[in-house]
Amino acid sequence: MTTDNPFFAASDLPYQLPPFDRIETGHYLPAFERGMAEQRAEVEAIASLPEPPTFDNTLVALERSGRVLQRVSAAFFNVTSSDTSPELQEIESRVVPLLSAHGDAIMLDRRLFERIEQLYAQRDALALDAEPAWLLERYHTEFVRAGARLSEQEHVRLRELNSELAALATEFGNKVRDGMKAAAVVVEDAADLAGLSADAIAAAEVAARDRGLTGGYALNLILPTAQPALASLHNREVRERLHTASVGRGSAGGDHDTTGLVLRIVRLRAERARLLGFEHHAAYNIADNTARSVDAVQEMLAKLAPAAVANARIEAEDLQEAIGDEFTLQPWDWAYYTEQIRRDRYAIDEAELRPYFELERVLGDGVFHAAGRLYGIRFQERPDLPAYHGDARVFEVFDRDGGPLGLFIGDFFTRPSKRGGAWANALVPQSRLFGTAPVVVNNLNINRAPEGEPTLLTLDEVRTLFHEFGHALHTLFSQVHFPKFAGTRVPRDFVEYPSQVNEVWMLWPEVLANYATHHRTGEPLPQPVVERLQAAEQFNKGFATTEYLAATLLDLAWHTLTVEEAEAVTDVLAFEAAALERAGVAVPFVPPRYRTAYFAHIFSGAAYSAGYYSYIWSEVLDADTVDWLTEQGGLRRELGDAFRDGLLAKGGSADSMEVYRAFRGRDPLIEPLLKRRGLISVP
Ligand SMILES: [Zn+2]
């Protein structure tokens with residue numbers, strides 16, 4: 001096992017594709033162990049060098065360290081997301097804490113930081129080129145942010161805070177998950193579910209049996225506030241119960257109440273931020289993103305919020321008109337009457353669209369076709385290369401000059417061993433240091449059609465296919481030297497920008513005409529339907545923007561508290577209500593997309609804390625770029641080359657906003673986003 005472990009040497013397959021045909025579950029743990037031990041030894045060698053630090057003997061050496069660990073991590077975390085098993089989960093639960101301690105040991109090594117600090121002090125004299133200079137800047141920043149400058153005593157407190165915060169995050173996540181199950185709404189009579197599809201009613205019956213009930217139906221909740229069944233349930237009283245159960249999660253006392261955890265998390269995050277030299281957690285987190293400051297984020301939100309709320313109020317008037325004067329619009333009526341108006345106004349029926357969105361055509365004649373027209377690249381399926389699952393398809397990508405560019409793996413179908421959602425990840429990051437070309441995977445969760453039938457997509461699935469492929473392009477076009485900067489390794493509030501831009505081609509007339517043909521008759525999607533689809537893009541955007549902004553503003557309200565302010569808060573719901581009021585987004589019929597007590601994005605993990613704003617921050621750049629593409633004539637090779645070479649190719653190898661400014665010739669404007677969402681501007 002140890003001698004023939006495929007992770008111990010570089011793969012000899014094209015593009016160093018991991019040799020999935022030879023990787024067995026038993027290879028992972030020994031490879032992680034050896035990978036960490038090797039990197040520890042490599043880092044020790046750097047830290048204990050008697051020679052003074054140079055760029056090469058310290059930073060390049062760090063970039064070169066941990067090759068085995070990098071290989072095994074990329075392959076392992078790909079399969080634990082895409083095709084997991086009890087054995088893999090067992091390995092994961094053993095490996096994750098080891099990896100975190102391994103990372104800490106490097107980031108808090110004083111000798112290593114001392115070398116980086118010395119280099120940083122001489123940075124002007126070193127006269128480095130742009131990318132090496134940015135590497136020094138980034139290493140220095142990351143060590144400082146991890147606490148490298150703190151005293152021994154402060155280190156002790158930092159580790160305590162980190163470990164308690166990690167435990168609290170897990171506890172919050174577990175309580176939200178269990179509370180969500182407990183909050184399911186049970187009805188006795190199928191007639192109470194009128195309006196739901198037969199499938200949904202059957203699922204509710206199964207859900208009731210799963211809860212040990214001998215009769216009745218259970219409507220399970222999903223994470224955000226809005227519950228899909230609210231769009232179709234005719235019975236207003238059931239709608240009210242479902243909505244009330246959703247917004248009440250986590251704050252009703254009892255075992256699933258999370259409000260005590262929220263107060264503790266917020267307080268400890270504020271303390272950690274202060275220890276690291278920041279006013280509060282938001283300042284700490286946003287400083288390392290393109291927004292740079294809480295003020296910059298608040299400024300953008302302040303431009304959007306009044307327009308979003310004004311539009312939501314107009315939409316509410318429309319809904320009240322549809323309701324008549326029988327009752328006053330309530331939050332549990334919103335989705336139901338919105339669907340009625342959508343049907344009346346746009347006459348779009350999902351079931352009638354799907355025959356025009358056949359997976360193979362959307363992929364080949366839509367997604368690949370648009371990339372071919374714009375960037376001059378070409379795709380060829382390589383069934384001879386091994387993937388990690390029979391559903392995962394490997395394509396070789398050829399560049400605009402005909403030469404090899406990288407591999408794209410498409411893994412589109414849902415299966416029990418795959419987590420939910422859609423995502424992209426790099427199996428091999430591009431880097432000139434190692435001479436590696438990119439290998440990227442796109443994962444979706446599309447239901448497979450029965451044997452012999454074509455797989456037909458929903459409009460949302462078509463959008464997701466274009467979106468995830470945008471991340472794939474960002475990865476494939478990477479032209480960086482250091483692996484740290486490859487492709488999508490950019491700040492959190494920048495990473496969704498290129499993928500969102502790629503969504504524009506979905507409804508672009510020439511692209512749509514090329515792929516949206518009826519899978520049986522070959523008829524193109526009728527022009528009036530195309531026009532209605534385009535018009536419907538702006539429908540209900542006042543609501544969607546307001547609920548999103550409300551959650552974003554809540555995230556910021558909690559994370560802009562100082563230690564003393566956090567200690568003074570005792571009532572989570574009162575704080576939440578006051579924060580929404582103050583931000584001007586307290587609209588009674590538009591609750592936040594997440595309320596505090598089940599805001600798992602920001603409390604069950606650190607990744608999106610003080611970062612929920614990232615989606616719309618990226619969308620400002622996206623809309624500003626799409627505006628440029630549209631003005632310049634769309635699918636033109638010159639435009640593709642400009643976006644690719646000026647932006648996508650840079651990865652994280654420079655300050656992302658400077659890259660944007662150099663590409664666009666100015667700062668991003670917010671107006672294209674307002675226009676796209678159909679938001680009237682408010683003086
Ligand atoms: Zn994305």
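Here the structure is a predicted model, which is why all the values come from computation and not from measurement.

(A) Representation of the overall build of the protein in the model. Each helix and strand in the protein was counted, giving 28 helices and seven strands. By the compact-globule yardstick of 26 Å for 683 residues, the protein fits well, its C-alpha radius of gyration being 26 Å. In terms of principal-axis extent, the alpha carbons of the protein reach across some 85 × 65 × 55 Å. Counting over 683 residues, the protein shows a buried share of 54%. A total of about 28,900 Å² of accessible surface is found on the protein, and carbon and sulfur atoms cover 51% of it. The average position of the 68 basic charges and that of the 99 acidic charges among the side chains of the protein differ by 3 Å.

(B) How the structure looks around a negative patch on the surface. Judged by side-chain charge, Asp349, Glu350, Glu352 and Asp460 come together as a negatively charged surface patch. Relative to the helices and strands, Asp460 resides in helix 17 (residues 459-476).

(C) Quick look at the layout of surface pockets. In this structure, the second largest pocket spans a volume of roughly 630 Å³. Taken together, 17 residues form the lining of the second largest pocket, with Leu196, Ser197, Ala200, Pro228 and Ala229 sitting closest to its centre. When residues of the lining of the second largest pocket are assigned to their parent elements, the largest contribution, five residues, is made by helix 9 (residues 198-210). Among the residues forming the lining of the second largest pocket, the class breakdown is eleven nonpolar, five polar and one charged.

(D) How the structure looks around the coordination of the zinc ion. Protein coordination at the zinc ion: the donors are His467 (NE2), His471 (NE2) and Glu496 (OE), at 2.1 Å from the metal. Read in sequence order, the donor residues for the zinc ion give the motif H-x3-H-x24-E. Remark: Glu496 occurs in helix 18 (residues 496-502) and His471 occurs in helix 17; sequence separation between them is 25 residues. Taken individually, His471 and Glu496 each receive the classification buried, so the pair is uniform in this respect.

(E) Region of the structure containing the pairing of strand 4 (residues 393-398). Of all six residues making up strand 4, five are buried, and the element is well covered by its neighbours. Relative to strand 4, strand 3 (residues 378-381) runs antiparallel, the two sharing four bridges. Counterpart to Arg378 in the pairing with strand 4 is Phe398. Looking at chain direction, strand 4 and strand 5 (residues 404-413) are connected through six bridges and run antiparallel. Following the sheet pairing, Arg393 is matched in strand 5 by Gly410.

(F) How the structure looks around the pattern of salt bridges. Going through the model one piece at a time under the given rule, you end up with 48 salt bridges. We note a salt bridge from Glu567 to Arg267, for which the minimum N-O separation is 2.8 Å. One end of the pair, Glu567, is in helix 22 (residues 563-568); the other, Arg267, is in helix 11 (residues 259-275), and 300 residues separate them in sequence. The buried category is assigned to Arg267, whose relative accessible area is 17%.

(G) Broad picture of helix 7 (residues 130-145). With 16 residues, helix 7 should cover 22 Å at 1.5 Å per step; its first-to-last C-alpha distance of 22 Å lies within 8% of that length. Here helix 7 has its buried residues at Glu131, Pro132, Trp134, Leu135, Leu136, Arg138, Tyr139, His140, Phe143 and Arg145. On its buried face, helix 7 sits against helix 2 (55-64), helix 4 (86-107), helix 5 (110-121), helix 6 (123-126) and helix 12 (281-287). Count one or two residues on from helix 7 and you reach Gly147, which has phi positive near 105°.

(H) Quick peek at the nonpolar core. Within the largest apolar cluster, 138 residues are counted, with the highest numbers of intra-cluster contacts made by Phe357, Trp505 and Tyr515. In contact with Phe357, not counting residues within four places along its chain, are Val362, Thr455, Leu456, Leu457, Thr458, Leu459, Val462, Tyr515 and Ala516. Counting residues in hydrophobic clusters, the runner-up holds 31 residues, among them Ala75, Val79, Leu427 and Val428.

(I) Here's a closer look at the sheet that holds strand 7 (residues 439-446). Spatially, five strands are ordered 3-4-5-7-6 in an open sheet, and the strand pairing comes out mixed. Two strands in the sheet have a free side with no partner beyond their single neighbour: strand 3 and strand 6 (423-428). With strand direction ignored, the average angle separating the axes of adjacent strands in the sheet is 30°. Here five bridges tie strand 6 to strand 7, and the two strands are oriented antiparallel to one another. Opposite Val428, over in strand 7, you have Val439 as the bridge partner. Sitting on the sheet, helix 3 (residues 67-82) touches strand 5, strand 6 and strand 7, and the angle it makes with strand 6 is about 150°.

(J) Spatial organisation of the packing of aromatic side chains. Tallied over the full model, the rule gives 41 aromatic pairs. Geometrically, the ring pair formed by Tyr613 and Trp617 is edge-to-face, given 5.9 Å between the ring centres and 85° between the ring planes. The residues Tyr613 and Trp617 share a single accessibility class, namely buried. Pairwise contacts between aromatic rings join Phe494, Tyr497, Trp628, Phe643, Tyr660 and Phe663 into one cluster. Over the aromatic face of Phe327 sits the side chain of Arg236, whose NZ or CZ is 3.5 Å from the ring centroid. Taking NZ or CZ as reference, Arg419 lies 3.9 Å from the ring centre of Trp423, over its face.

(K) Fine view of the side chain of His243. You can see His243 is positioned in helix 10 (residues 236-248). If we skip the residues at most four places from it in the chain, His243 touches Thr225, Leu230, Pro331, Trp332 and Pro591.

(L) Geometry of the packing of helix 2 against helix 5. Remark: helix 2 packs on helix 5, axes separated minimally by 10 Å, with the N-to-C direction vectors making an angle of 120°. Of the possible angle classes, the one that applies to helix 2 and helix 5 is oblique. Two packed elements cross with a definite hand, and for helix 2 against helix 5 that hand is left-handed. Two secondary-structure elements touch here, helix 2 through Phe55, Asn57, Thr58, Leu59 and Leu62 and helix 5 through Leu112, Arg115, Ile116 and Leu119. Considered class by class, the residues forming the contact of helix 2 with helix 5 number six nonpolar, two polar and one charged.

(M) Fine view of helix 16 (residues 359-375). Bending of helix 16 peaks at approximately 35° at the position of His369. Taken together, the buried positions of helix 16 are Leu359, Val362, Leu363, Gly366, Val367, Phe368, Ala370, Ala371, Leu374 and Tyr375. Just downstream of helix 16, Gly376 is the residue with a positive phi angle, here 75°.

Analysis parameters
- Residues numbered from 1 in each chain as written.
- Predicted model: local features only at pLDDT ≥ 70, side-chain atom pairs only at ≥ 80, totals over all residues.
- Heavy atoms only, no water.
- Helix = DSSP H or I, 4+ residues; strand = E, 2+ residues; numbered from the N terminus.
- Rg over C-alpha atoms; globule rule 2.2 N^0.38 Å.
- Buried < 20%, exposed > 50% of the residue type's maximum accessible area, 1.4 Å probe, protein only.
- Areas by Shrake-Rupley, 256 points an atom, 1.4 Å probe, with all protein chains shown as cover.
- Lys, Arg positive; Asp, Glu negative; His and termini not counted.
- Charge placed at Lys NZ, Arg CZ, Asp CG, Glu CD.
- Patch = residues over 30% accessible without salt bridge, like charges linked within 9 Å, V, L, I, M, F, W, Y side chains within 5 Å.
- Salt bridge = Lys/Arg side-chain N within 4 Å of Asp/Glu carboxyl O.
- 1 Å grid on protein atoms, 1.4 Å probe; cavity = no way out; pocket = protein on both sides within 12 Å on 5 of 7 lines; lining within 4 Å.
- Points joined across faces, edges and corners; volume = space filled by probe spheres on them.
- Nonpolar A, V, L, I, M, F, W, Y, C, P; charged D, E, K, R; others polar.
- Donors = N, O, S within 2.8 Å, 3.2 Å for Na, K, Ca; no water.
- Pairing = 2+ DSSP bridges.
- Expected span 1.5 Å × (residues − 1).
- Contact = heavy atoms within 4.5 Å.
- Core = buried A, V, L, I, M, F, W, Y, C linked by side-chain atoms within 4.5 Å.
- Axes fitted to C-alpha atoms, helices over the stretch in contact; angles between N-to-C directions.
- Phe/Tyr/Trp six-rings, centres within 6.5 Å; stacked < 30°, edge-to-face > 60°.
- Lys NZ or Arg CZ within 6 Å of the ring centre and 35° of its normal.
- Parallel < 35°, antiparallel > 145°, perpendicular 65-115°, else oblique.
- Left-handed = near helix turned anticlockwise from the far one by under 90°.
- Bend = angle between axes of the 7 residues up to and from the residue.

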